[in-house]
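Read off the chains here:
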Amino acid sequence: MRAAARFKREAANTAAAVAAVADFFTAVAAASGNQVLALSQAPLNLLLAPALTHIIDRVPQARARIQDAQATIAEAIKLRRSEQARTWMEKHIRDFKRGHELESTMQGNEQ
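A few points on the structure. These numbers come from a predicted model, not from an experiment.

When its secondary structure is counted, the protein shows five helices and zero strands. Starting at the N terminus, the α and β elements of the protein follow one another as α-α-α-α-α. Compactness check: the protein gives a C-alpha radius of gyration of 14 Å against a globular reference of 13 Å for 111 residues, within 12% of the reference. For the protein, the spread of C-alpha atoms along the three principal axes comes to 45 × 25 × 25 Å. Looking at the protein residue by residue over its 111 residues, the buried ones come to 32%. Sequence separation of at least 24 residues holds for 59% of the intrachain contacts in the protein that already meet a minimum separation of 6. For the protein, the exposed surface amounts to about 7100 Å²; the carbon and sulfur share of it is 58%. Here the protein contributes 15 positively and 11 negatively charged side chains, and the mean placements of these two sets differ by 6 Å.

Structure below.
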């Protein structure tokens, strides 16, 4: 999946990395064949982008964890291993939540 490769290439640039994550989610939604999911992805990406920007900038392991999850999910989709893709997407979502919690804690400690 090109979007996962794009994140890997552009991970050092936060804005480009966030855009690549949005593109990845859009590609996954399109690959699912679920039109409702595909149509709802753009507004979801807009909601996720600000928090993801903070997470990527403040949580040291965020970029590596995103890259690993995207690579695994993309490979599972390519091999038509839907259960593996679902399991890893669930992990990826839980990681986002943990990253958000960590970033919020870090932000609170700076104030």
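Now for the pattern of salt bridges. Evaluation of the coordinates by the stated rule reveals eight salt bridges. In this structure, the salt-bridge partner of E83 is R86, at a minimum N-O distance of 2.2 Å. Of this pair, E83 and R86 are both found in helix α5 (residues 82–110), three residues apart, which corresponds to roughly one turn of the helix. For E83, a relative accessible area of 46% corresponds to the partly exposed category. Residue classification places R86 among the partly exposed positions, given a relative accessible area of 40%. For the salt bridge of R98 with D95, the shortest nitrogen-to-oxygen distance reads 2.6 Å. Of the two residues, R98 and D95 both sit in helix α5, three residues apart, roughly one turn of that helix.

Right, let's talk about helix α3 (residues 35–58) for a bit. Helix length check: α3 (24 residues) gives 34 Å between terminal C-alpha atoms against 34 Å at 1.5 Å per residue, within 8%. The principal kink in α3, of about 40 degrees, is found at Q41, preceding the proline P43 by one to four residues. Taken together, the buried positions of α3 are occupied by Q41, N45, A51, L52, I55 and I56. Regarding α3, its N-cap is N34, as a side-chain oxygen of that residue lies 3.0 Å from the backbone nitrogen of V36 further along.

With respect to the helices and strands, the residue R80 is situated in the loop between α4 (62–78) and α5. Along the primary structure R80 and P50 are separated by 30 residues, whereas in three dimensions their C-alpha atoms are 32 Å apart.

So, on to the side chain of N45. Here N45 lies in helix α3. Excluding residues that lie within four positions of it along the chain, N45 makes contacts with A22, F25 and T26.

To continue, consider the packing of aromatic side chains. All told, the structure shown has one aromatic pair when counted by the stated rule. Directly above the ring of W88 sits K91, whose terminal nitrogen or CZ lies 4.2 Å from the centroid.

So, how was this worked out
Each chain carries its own residue numbering, running from 1 in the written order of its sequence. Note on the predicted model: pLDDT of at least 70 is required for a residue's local features to be given, and 80 or more for side-chain atom pairs to be given and counted; whole-chain, interface and lining totals, by contrast, use all residues. As a convention, hydrogens and water are excluded, and side-chain values are obtained from all of the structure's heavy atoms. Numbering of helices and strands runs from the N terminus; a helix is a DSSP stretch of H or I covering at least four residues, while a strand is a stretch of E covering at least two. Here the globule rule reads 2.2 Å times residues to the power 0.38, and the radius of gyration is calculated from C-alpha atoms. With a 1.4 Å probe rolled over the protein chains alone, any residue whose accessible area is under 20% of its type maximum counts as buried; one over 50% counts as exposed, and the rest are partly exposed. Contacts are assigned to residue pairs that have any heavy atoms within 4.5 Å of one another. Here the accessible surface of atoms and residues is derived via Shrake-Rupley with a 1.4 Å probe, and residues count as covered only by protein chains that are part of the display. Under the convention used here, Asp and Glu are negative, Lys and Arg are positive, and both His and the chain ends fall outside the count. By convention, the charge on Lys lies at NZ, on Arg at CZ, on Asp at CG and on Glu at CD. Salt bridges are defined as contacts in which a side-chain nitrogen from Lys or Arg sits within 4 Å of a carboxyl oxygen from Asp or Glu. Here a helix's expected span is defined as the number of its residues, less one, multiplied by 1.5 Å. A residue's bend is the angle separating two fitted axes: one through the seven residues that end there, the other through the seven that start there. Throughout this description, a polar contact denotes any pair of N or O atoms lying within 3.5 Å of each other; where both atoms belong to protein, one of them has to be capable of donating a hydrogen while the other can accept it, and for residues adjacent in sequence the pair is counted only when both atoms sit in side chains. Any Phe, Tyr or Trp ring, taking Trp's six-membered ring, that has another such ring centre within 6.5 Å forms a pair; planes under 30 degrees apart are called stacked, those over 60 apart edge-to-face, and the others tilted. Cation placement over rings: the criterion is NZ of Lys or CZ of Arg within 6 Å of the ring centroid and within 35° of the ring normal.

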